[in-house]
Amino acid sequence: MTQSEITNNIWDRSNECMPREQLEKLQLDRLQKTLRLVNDHVPCYKNKFSDHNISPEDVKSLEELSKLPFTTKEDLRLNYPYGMFAVPMREVVRIHSSSGTTGKPTVVGYTRNDLNIWTQLAARFMTAAGVTPDDIVHIAFGYGLFTGAFGLHYGAEEIGASVIPISSGNTDKQIMIMQDYRSSALVCTPSYALTLADRMEKRGIDQHKLALKVGLFGGEPWSEEMRREIEERLGIIATDNYGLSEVMGPGVAGECQFKRGMHIFEDHFIAEIIDPETGVVLPRGSVGELVLTSITKEAFPIIRYRTRDITQLDYSACPCGRTHVRMLKTMGRSDDMLIIKGVNVFPTQIEEVLFQVEGCQPHYQLIVERAGTMDTLEVQVEVNEDIFFDEMKKQRAFVDKLEKRLLSVLGVGAKVKLVEPSTITRHEGKAKRVIDKR
Ligand code: DLL
C-alpha cells in the first residue's frame, strides 16, 4: 500500500462527508440499536426509561431523542464501578477512568470493537489535523487511566506515524527527545505546550530549529489567543481536539486544517445543545451545554450525557468537505463557571484579555474569595521581568490597564496582581486555573 492510500483510508470520506440526510438515517438506526442494548443490559437505563414512561421503540426520529432522560456524572457515581457496562466483563478488554480529582473516579470500559472504533476516530482527527505516516508523534500525555495518551497513541500508529510514548513529566528530557528524535507532531495539553516553550526559551533553544510542525492539543479549554501564542512560540500549527472519558476519550471531535471548530464525529455520536438551567434543547446555533449520545459503543454506551461543556454548534459547510457539525471552542465547563457578584465569568474570557496585553505571560490563576457577603476575584498573572521590576508608577498603570479591560469584557471588577515569572504552579497535564476559597 502506498502512503497516500494509507492516508486516504484514514480520511474515511464516505462517512465523514456523508450527505446530512443519509447521516441522520444512519444515526437513527444506530441510536435505536443502542437504546435497545442499554434497555436490555443496563438496569440504570431501564429504570430511568420506565420512570419516564418511555421505551426505546418510542424514539422514532432523532428529534424524539429529547424525550429521553439525561445521564449525569451522578448516575455514573451511583453505579460505580461497573454498573453502567452493557456487556459482561469477559468482553471488556480495557478500562479507563475520568481525570476528576475529587471523589471516586468514573470507570469506563471498552470491548475490542470499541477499541477499534476509538483507534479509527483518533486516526481520523489526527489525519484531519495533518498527521501523516511521515510524522514522528511525541505523546506527552500521561499514560495510565487517563484516556489522552492511549487514545492518540493508537490513532497515530493506525496512521502509520512513528510514535514516541514519552508520557508526561520531565520537561528537560522531553526537549532532549524532541531535538534528538526529531519529533514532528506534539501531543499534550495546550498549557503544557506553553510550559515546553517557556523552558526552551529559558535554555536558549531555538524552537524553530526543531522538527515540530503540528500540535494536537486537547483535554482542557483554551482560547484563540492561546493558540496564536503557541503557534508563534513553537513555530507550529496548533489544532484542537475534544473528548471525554465518559463518551470515549479523545476522538469525539477534532479540527481539520481550516480550524473553524471541531468536527463532531456524528456517525458515532449525536450532539445536542441544551439550556443548562432548564434542560430544554436549544435551537441550532445557540450557546449552551453540549449533550452527547454514543451510537456505536458496546461496553459503555451513554445516552444524553450532560458534558457540562459550554459551546455552540456550527452546521455551515466546511471548506474541507466534511459534513459533520463543528463545535466551537468551549468557553469552559459550566461547573468551572464562576459566579462573581451574580455575573457569570469563564476563565477563558480572562485568558483572552491577558493574552492580548503585551508583557503578560501566559500563566495565570484566579483566586475567588468572599469578604462578608461580597465575592472578590483576584487575577494573578505572571509578567515579564522588566515589568515586574519596573518603577511603581509604570506598574500601577499596567495594572490599571488590565483591570479596565477585564471590567469591560467581564462586566464585573477583578483585582489584578502581577507576579514574577515562574511563580504560578505548572501542571504536566491539565492546568488548574481557579482556586475558589468561598
Ligand atoms: O480530557 C479526553 C481528552 C484527552 C480529550 C486528550 C482530548 C485530548 P477527561 O479527562 O474525561 O477526558 O476530561 C473531559 O475535559 O468534558 C472538557 O471539559 C475538557 N476537554 C477535553 N478536551 C477539550 C478541549 C479528556 N479540546 C473534559 N477543549 C471535557 C476544551 C476540553 N475542553
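Please refer to the structure placed before this passage.
Residues numbered from 1 in each chain as written. Predicted model: local features only at pLDDT ≥ 70, side-chain atom pairs only at ≥ 80, totals over all residues. Heavy atoms only, no water.

A. Representation of the pairing of strand β8 (residues 249-255) in the model. Of all the 7 residues making up β8, 7 are buried; the element is thus mostly covered by neighbouring parts of the structure. Direction of pairing for strand β7 (residues 237-244) relative to β8: antiparallel, over a ladder of 4 bridges. Paired with L244 across the two strands is G249, which belongs to β8. Pairing geometry for β8 and strand β9 (residues 262-264), over 3 bridges, is antiparallel. Paired with A253 across the strands is I264, a residue of β9. Turn length for the β8-β9 hairpin, with the two strands adjacent in sequence and antiparallel, is 6 residues, and the turn residue K259 shows positive phi of about 50°. (Buried < 20%, exposed > 50% of the residue type's maximum accessible area, 1.4 Å probe, protein only. Helix = DSSP H or I, 4+ residues; strand = E, 2+ residues; numbered from the N terminus. Pairing = 2+ DSSP bridges.)

B. A look at the sheet that holds strand β17 (residues 360-371). Spatially, the 4 strands line up as an open sheet ordered β19-β18-β17-β20, and their pairing is mixed. Two strands in the sheet have a free side with no partner beyond their single neighbour: β19 (415-419) and β20 (434-436). The mean inter-strand angle of the sheet, taken between neighbouring strand axes irrespective of direction, is 20°. In this fold helix α13 (residues 392-410) packs onto β17, β18 (374-383) and β19, with an angle of close to 135° to the strand it touches most, β19. (Axes fitted to C-alpha atoms, helices over the stretch in contact; angles between N-to-C directions. Contact = heavy atoms within 4.5 Å.)

C. Summary view of the packing of helix α8 (residues 171-180) against helix α9 (residues 190-202). Contact geometry for α8 and α9: axes closest at 10 Å, N-to-C directions at 80°. Considering their axes alone, α8 and α9 lie roughly perpendicular with respect to each other. Residues T171, D172, Q174, I175 and M178 of α8 lie in contact with α9, whose contacting residues are Y192, T195, L196, R199 and M200. Of the residues belonging to the contact of α8 with α9, the class tally is 5 nonpolar, 3 polar and 2 charged. (Parallel < 35°, antiparallel > 145°, perpendicular 65-115°, else oblique. Nonpolar A, V, L, I, M, F, W, Y, C, P; charged D, E, K, R; others polar.)

D. The pattern of salt bridges, seen in detail. By the definition in use, this model includes 36 salt bridges. Among the salt bridges present, the one from R227 reaches E224, with a minimum N-O distance of 2.9 Å. Of the two residues, R227 and E224 are both situated in helix α10 (residues 224-234); the distance of 3 residues between them amounts to about one turn of the helix. The class of R227 is buried, set by a relative accessible area of 3%. (Salt bridge = Lys/Arg side-chain N within 4 Å of Asp/Glu carboxyl O.)

E. A look at the nonpolar core. M126, V131, V137, L216, Y242, I264 and L290 are the most contacted members of the largest nonpolar core, which totals 69 residues. Broken down by element, this core gets its largest block of residues, 8 residues, from helix α6 (residues 112-128). Here I264 is in contact with V252, A253, F269, A271, L290, L313, H324, V325 and M327, once residues within four sequence places are set aside. With 48 residues, the next largest nonpolar core counts A238, V345, I350 and L418 among its residues. (Core = buried A, V, L, I, M, F, W, Y, C linked by side-chain atoms within 4.5 Å.)

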